[in-house]
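For reference, the chains in residue letters:
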Amino acid sequence: MAAVVPQGEFLVGRPIVSAMALDGSEPIAGARRAARGFMTVVQAEHGIPVSDRAMSMVELVVSELVTNARKYAPGPCLLDLEVREGAVEISVWDSAAPMPVASPADPGRIGQHGLEIAMAVCRSFEVRREPVGKRVKVTIGLADDPGGHPAGRLL
């Protein structure tokens, strides 16, 4: 008799990935749609639960990171999404060498809150230099945290 494997369990230890090159002509909304589409596939086709909070946070963070890459770096940027172990890792590479720095908190400031937002809603936040440019990597949990933390539950 064959064992019944719960949906999604066949992916244990194997990441689900998506990569997208943005040449600068696409609207940032296209990156958000691609992220939502990827997360929908993760849930619908791979059977991995994605909370409404996680779906919204992924769209928000992709929008903020791609906006920063488009605003401060010449040329293309790369968007990578990877789901594994109950979380999604979002990685955005761009060609600019300067490392991003969050501005000091200022509720009166209009704009330039993207990095602050990403740092506040992500489980992890990392920026590293690449041979050309830099890469920003963040992680968001797919399951809701019982305490309501925006980065999701640690599994």
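Quick notes on the nonpolar core
A general feature of soluble globular proteins is that nonpolar side chains tend to end up buried together.
Move 1: Core analysis: the largest hydrophobic core is formed by 32 residues, its most contacted members being Met 39, Val 61, Val 62, Val 83 and Ile 90.
Move 2: Those elements that place two or more of their residues in this core are β1 (16-22), α1 (28-44), α2 (52-72), β2 (77-84), β3 (87-94), α3 (114-121) and β5 (134-141).
Move 3: Looking at which element gives the most residues to this core, the answer is α2, with nine residues.

Here's the deal with the environment of Ala 54
Move 1: Along the chain, Ala 54 turns up in helix α2.
Move 2: Since its relative accessible area comes to 0%, Ala 54 is described here as buried.
Move 3: In the structure, Ala 54 is positioned 70 residues away from Ser 124 in sequence and 14 Å away in space, judged by C-alpha atoms.
Move 4: Aside from chain neighbours lying at most four places away, what touches Ala 54 is Gly 141 and Leu 142.

Description of unusual backbone geometry
Move 1: Despite not being glycine, Glu 85 shows a phi value in the positive range, around 50°.
Move 2: Here Glu 85 lies in the loop between β2 and β3.
Move 3: The class for Glu 85 is exposed, based on a relative accessible area of 70%.

Rules and cut-offs
Residues numbered from 1 in each chain as written. Predicted model: local features only at pLDDT ≥ 70, side-chain atom pairs only at ≥ 80, totals over all residues. Heavy atoms only, no water. Core = buried A, V, L, I, M, F, W, Y, C linked by side-chain atoms within 4.5 Å. Buried < 20%, exposed > 50% of the residue type's maximum accessible area, 1.4 Å probe, protein only. Helix = DSSP H or I, 4+ residues; strand = E, 2+ residues; numbered from the N terminus. Contact = heavy atoms within 4.5 Å.

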